[in-house]
Amino acid sequence: MMFEDLPSSTSLFLFGTTVALLVLHVLHFRVDTKGNRREPPGPKPLPLLGNLLQVDLKRLDASLFDLAKKYGPVFTVYLGPKKVVVLAGYKTVKTALVNYAEEFGDREVMPVFYDFNKGHGILFTNGDIWKEMRRFALSTLRDFGMGRRTSEEAIIEECHHLVEEFEQHKGEAFNNRRTVSYASSNVISALMFGKRFDYKDPEIHSLLERDTESIRLTGSASILIYNAFPWLGPCLKNWRALMKNVEDSVAETKRIIADLKETLNPDMCRCFIDVFLSRKQRLEESGIKDSHFHDDNLLYSVANLFAAGSDTIAISLHWSLLLMAKYPLIQDKVHEELRRVVGSRQIRVTDRKDLPYTDAVIHETQRLANIVPMAIPHKTSRDVTFQGCFIEKGTTVFPLLTSVLYDESRWESPHTFNPSHFLDKEGRFVKRDAFMPFSAGRRVCLGESLARMELFLFFTSLLQHFRFTPPPGVTEDELSLTPFVGFTLSPLPHELCAVSRQ
Ligand code: HEM
């Protein structure tokens, strides 16, 4: 049980707080149901625990998807005393995030997210700080070529390192998780820090291990409990481990920033950090004191981009190779198309339009893998009446991406790996509205264009060079697609063989 590490000395304190919360909860619930406003329906909550006993915290997104079948596309659940409105199904999620972008566009800063960033950066901020940091990040990353040719060159360079690294295993089974992480984090490092790390560099190992572990811990049941009852934090082993990770990552990022500061030349910016530091310097020189361009916003914006931009790509690639090993006929078709259209030369982004089957496989991988199943929690920025339901300002909202990517009214076979979802009868690639792994609206993934480019170039380069198979003695059927649940959904640890095509 998640309270197992609770010392007994806290029991009196716990009892007192429980009673206080119980009273607060009952009062809160009365206020909610007063008046004639129809609030989103939902399962009846228990005092204090809310609906915690009716959902599976180990697979919250799937549980909420099941509840949507009973309560409809806009419903309420209580995770402990915390009220959450869940949006489910393509139509509802898209309409809320796009047509009511303002109302549903704030970020819910849950206690653990506040612990991460203390109100700074991009991911877990709102208002002017968020606006300015997001705008700055987007324009700076674009200046450094995000989604354009410059980042294409950086990714292609990384593809060569990745292929070399895979070759070293000489077709023997290995877990490719770390290697693909090094490759994806090097792309974001080049943009953030102006350098790539050698795959054997201990600095990148520790940065990545901590990020991966933090993402896993953030999705753990005890951190979900912590978000509902933050006063429990110091008693929870996972929370303590998470805070230690955050502290260490902050210290490491500060070191990297300090090194760049020493050699800063505002006329020759090497990376995101240089551009930020130069902007900060200019503002200080012109006497502007209350700008958002200060050290904390730099530190946490960099940490956000690094965390959001490396593991997501690595997990997606890890899924894509697993799916290729599991479905060898699909893998063969991808390879055949690559051989026919591109041959053995380096693949470029401009080849994508001539590779409809490969493009469909990459999209279908992202759909089925569903790596960020509940997006990142949102919050209503004002009172809103949506699809006949009244939702109060400040309510936590989960846009359930699982219910979009697996929407039975939108996908012909939502639960199977079926690249035809993205192909017409003539085999041409077709876009699908319900393909929303990057979410939508004001908070849509900031790195979408970079992510799409990376996934395409890494995946195709690997498939050009290798055939992926299960380890000897393991059949394709035995390769499991059950996800490992953290804040993201990743494949369970597994090994594959990368057999050279040369
Ligand atoms: C396959 C790769 C990726 C997927 C599936 C993905 C998905 C997402 C999703 C679902 C969100 C939450 C949107 C919401 O709250 O509604 C998000 C936010 C975000 N992503 Fe990504 N992402 C990926 C790659 C990246 C990359 C490469 C970067 C960095 C360059 C990045 C940076 C961010 C940032 C900064 C946010 C927060 C945006 C905000 O709060 O305004 N992501 N991403």
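This text gives an overview of the structure that appears in the document. It should be emphasised that the depicted structure is a prediction, and the values quoted were computed from it without experimental measurement.

### With respect to the sheet that holds strand β4 (residues 378-379)
Here is step 1 of the chain: If you walk across this open sheet you meet the 5 strands as β1-β2-β7-β4-β3, and the pairing is mixed. In this open sheet, the two strands that pair with only one neighbour each are β1 (74-79) and β3 (106-107).
Here is step 2 of the chain: The sheet contact formed by β4 and strand β7 (residues 396-399) spans 2 bridges and is antiparallel. Counterpart to H378 in the pairing with β7 is V397.

### Regarding the site of the ligand
Here is step 1 of the chain: Taken together, 28 residues are adjacent to the ligand, and R107, R134, H378, S439 and C445 come closest.
Here is step 2 of the chain: Listed by contribution, the elements that provide at least two residues to the shell around the ligand are α5 (127-143), α12 (295-326) and α16 (448-465).
Here is step 3 of the chain: Of all the elements, α12 adds the most residues to the shell around the ligand, at 6 residues.
Here is step 4 of the chain: Class assignment of the residues belonging to the shell around the ligand gives a composition of 18 nonpolar, 7 polar and 3 charged.

### Comments concerning α5
Structurally, the α-helix is built with 3.6 residues per turn, so residues lying three or four positions apart point the same way.
Here is step 1 of the chain: Taking 1.5 Å as the rise per residue, α5 with 17 residues should run 24 Å; its terminal C-alpha atoms sit 24 Å apart, in good agreement.
Here is step 2 of the chain: In this structure, the buried side of α5 is in contact with α7 (177-193), α11 (272-285) and α12.
Here is step 3 of the chain: Positioned one or two residues after α5, G145 has a phi angle of 95°, which is positive.

### What about the packing of helix α8 (residues 202-218) against helix α10 (residues 237-262)?
Here is step 1 of the chain: Running from N to C, α8 and α10 point in directions that differ by 145°, and their axes come no closer than 10 Å. For α8 against α10, the interelement crossing comes out left-handed. The segment α8 lies against α10, with E203, S206, L207, R210, D211, E213, S214, L217 and T218 engaging N238, A241, L242, N245, D248, S249, E252 and I256.
Here is step 2 of the chain: Looking at side-chain class alone, the contact of α8 with α10 contains 5 nonpolar, 6 polar and 6 charged residues.

### Some thoughts on empty space enclosed by the protein
Here is step 1 of the chain: For the structure on display, the rule yields 4 cavities of 30 Å³ or more.
Here is step 2 of the chain: One number sums up the size of the second largest cavity: a volume of about 340 Å³.
Here is step 3 of the chain: In terms of lining, the second largest cavity is formed by 23 residues, of which the most central are L60, L224, M374, F398 and F487.
Here is step 4 of the chain: Of all the secondary structure elements, the ones that give two or more residues to the lining of the second largest cavity are α2 (60-71) and α9 (221-228).
Here is step 5 of the chain: Considering every element that reaches the lining of the second largest cavity, the biggest residue donor is α9, with 3 residues.
Here is step 6 of the chain: Grouping the amino acids of the lining of the second largest cavity by side-chain chemistry returns 16 nonpolar, 4 polar and 3 charged.

### Structural notes on the pairing of β7
Here is step 1 of the chain: Where burial is concerned, the two faces of β7 agree: the one with T396 and F398 and the one with V397 and P399 are both buried.
Here is step 2 of the chain: Bridge count for strand β2 (residues 82-87) against β7 is 4 bridges, and the pairing is parallel. By the bridge assignment for β7, V86 is matched with F398.

### Section: the coordination of the iron atom of the ligand
Here is step 1 of the chain: A lone protein donor binds the iron atom of the ligand: C445 (SG), at 2.3 Å.
Here is step 2 of the chain: By the element assignment, C445 lies in the loop between α15 (401-405) and α16.

### Topic: the pattern of salt bridges
Here is step 1 of the chain: For the coordinates displayed, the defined rule picks out 29 salt bridges.
Here is step 2 of the chain: R270 is paired through a salt bridge with D274; the nearest N and O atoms lie 2.6 Å apart.
Here is step 3 of the chain: With a shortest N-O distance of 2.9 Å, R367 and E364 are connected by a salt bridge. Of this pair, R367 and E364 both sit in helix α14 (residues 356-369), 3 residues apart, which is roughly one turn of that helix.
Here is step 4 of the chain: A relative accessible area of 0% means that E364 is categorised as buried.
Here is step 5 of the chain: Several salt bridges share partner residues, and in doing so they unite K261, K280, E284 and D295 into one network.

### Quick word on a nonpolar patch on the surface
Here is step 1 of the chain: On the surface, L46, L49 and L53 cluster together to form a nonpolar patch covering roughly 270 Å² of accessible area.
Here is step 2 of the chain: Relative to the elements of secondary structure, L46 occurs in the loop between α1 (11-33) and α2.

### Quick notes on the layout of surface pockets
Here is step 1 of the chain: What the largest pocket holds in volume is close to 470 Å³.
Here is step 2 of the chain: Along the wall of the largest pocket there are 22 residues; nearest its centre are R177, T212, F484, S490 and P493.
Here is step 3 of the chain: Elements with a contribution of two residues or more to the lining of the largest pocket: α7, α8, α12 and β10 (489-491).
Here is step 4 of the chain: Among the elements that make up the lining of the largest pocket, the one with the highest residue count is α8 (7 residues).
Here is step 5 of the chain: In the lining of the largest pocket, the residues fall into 8 nonpolar, 8 polar and 6 charged.

### So, the packing of aromatic side chains
Here is step 1 of the chain: One pass over the full model with this rule turns up 23 aromatic pairs.
Here is step 2 of the chain: On the basis of an interplanar angle of 80° and a centroid distance of 6.1 Å, the ring pair of F166 and F468 is categorised as edge-to-face. You can see F166 sitting in helix α6 (residues 149-167) and its partner F468 sitting in strand β8 (residues 466-469), a full 302 residues away along the chain. In this structure, F166 and F468 share a single accessibility class: buried.
Here is step 3 of the chain: Measuring from ring centre to ring centre gives 6.0 Å for F229 and W231, while their planes differ by 70°; the resulting arrangement is edge-to-face.
Here is step 4 of the chain: A relative accessible area of 26% means that W231 is categorised as partly exposed.
Here is step 5 of the chain: What links up through ring pairs into an aromatic cluster is the set F136, F272, F276 and F293.

### Let's talk about the environment of K353
Here is step 1 of the chain: You can see K353 is positioned in the loop between α13 (328-341) and α14.
Here is step 2 of the chain: When its relative accessible area of 66% is taken as the criterion, K353 is described as exposed.
Here is step 3 of the chain: Once the C-alpha coordinates of K353 and R428 are considered, the two residues, 75 residues apart in sequence, prove to be 9.4 Å apart.
Here is step 4 of the chain: Reaching out from K353, the side chain makes a polar contact with the backbone oxygen of T350 at a distance of 2.9 Å.

### Some words on the nonpolar core
Here is step 1 of the chain: If you look at the biggest cluster of nonpolar residues, it comprises 149 residues, and the most contacted ones within it are L64, L87, F104, F166, I273, F458 and F468.
Here is step 2 of the chain: With 16 residues, the top contributor of residues to this core is α12.
Here is step 3 of the chain: Contacts of L64, omitting those with residues within four sequence positions, involve V55, F75, V77, V86, M374, F398 and L400.

Reading the values: rules and limits
Residues numbered from 1 in each chain as written. Predicted model: local features only at pLDDT ≥ 70, side-chain atom pairs only at ≥ 80, totals over all residues. Heavy atoms only, no water. Pairing = 2+ DSSP bridges. Helix = DSSP H or I, 4+ residues; strand = E, 2+ residues; numbered from the N terminus. Near = heavy atom within 4 Å. Nonpolar A, V, L, I, M, F, W, Y, C, P; charged D, E, K, R; others polar. Expected span 1.5 Å × (residues − 1). Contact = heavy atoms within 4.5 Å. Axes fitted to C-alpha atoms, helices over the stretch in contact; angles between N-to-C directions. Left-handed = near helix turned anticlockwise from the far one by under 90°. 1 Å grid on protein atoms, 1.4 Å probe; cavity = no way out; pocket = protein on both sides within 12 Å on 5 of 7 lines; lining within 4 Å. Points joined across faces, edges and corners; volume = space filled by probe spheres on them. Buried < 20%, exposed > 50% of the residue type's maximum accessible area, 1.4 Å probe, protein only. Donors = N, O, S within 2.8 Å, 3.2 Å for Na, K, Ca; no water. Salt bridge = Lys/Arg side-chain N within 4 Å of Asp/Glu carboxyl O. Patch = residues over 30% accessible without salt bridge, like charges linked within 9 Å, V, L, I, M, F, W, Y side chains within 5 Å. Areas by Shrake-Rupley, 256 points an atom, 1.4 Å probe, with all protein chains shown as cover. Phe/Tyr/Trp six-rings, centres within 6.5 Å; stacked < 30°, edge-to-face > 60°. Polar contact = N/O pair within 3.5 Å; in protein donor to acceptor, adjacent residues only side chain to side chain. Core = buried A, V, L, I, M, F, W, Y, C linked by side-chain atoms within 4.5 Å.

Remember, this is a structural readout, not a statement about activity or role.
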